[in-house]
Amino acid sequence: GIAQFIKGQWDNGEYNTLQPLGVEFHIMGTGFTWETQNRQADIEAATLVWQESKRMLADAHYDLVVLDELTYMLAYHYLDTQEVLSAIENRPAGQSVIVTGRGCHALLLELADTVSEIRPVKHAFDSGIQAQVGIDW
């Protein structure tokens, strides 16, 4: 199952590829929350996606749960950090969880088995080239 916390209403390559294969998706749909004019609406949208995330994290039928851009929901205090940590820590044995996003909370890093950082060294976007279908999404 996949929860996407920063995705907006635009076309979504992950969804387009994986949802037809039966992967469950929950998409916040508000886009970049740091550009919001309505913090409360963003918190409510994050909470709805988090409720589905918690359900998946508690269900042993999910062998993998991806919490895409979850780190921002903690950094901006849209979700309760202790609740998130508890849900991840208490997931079923054998369930893998992938958390993405920059600025990961220190306690989430401590809880993790593996931490990776992916960063562009050079990207076409820096030269003014917009995201391209099939390359960036």
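Just above sits the structure.
Now for a look at the structure at hand. (Residues numbered from 1 in each chain as written. Predicted model: local features only at pLDDT ≥ 70, side-chain atom pairs only at ≥ 80, totals over all residues. Heavy atoms only, no water.)

Every buried residue of helix α4 (residues 81-89) is listed here: Thr 81, Val 84, Leu 85, Ala 87 and Ile 88. End-on view of α4: buried residues confined to an arc of 165°, all on one side of the axis. Among the structural elements, α2 (39-57), β3 (64-68), α3 (70-75), β4 (96-99) and α5 (106-111) are those in contact with the buried residues of α4. (Buried < 20%, exposed > 50% of the residue type's maximum accessible area, 1.4 Å probe, protein only. Helix = DSSP H or I, 4+ residues; strand = E, 2+ residues; numbered from the N terminus. Arc of directions from axis to C-beta. Contact = heavy atoms within 4.5 Å.)

The subject of this paragraph is the environment of Thr 100. Residue position: Thr 100 is located in the loop between β4 and α5. For Thr 100, a relative accessible area of 23% puts it in the partly exposed group. In the structure, Thr 100 is positioned 18 residues away from Ile 118 in sequence and 9.7 Å away in space, judged by C-alpha atoms. The residues touching Thr 100, leaving out its near neighbours within four places in the chain, are Leu 67, Asp 68, Glu 69, Leu 70 and Thr 71. Side-chain polar atoms of Thr 100 contact the backbone nitrogen of Glu 69, separated by 2.6 Å. (Polar contact = N/O pair within 3.5 Å; in protein donor to acceptor, adjacent residues only side chain to side chain.)

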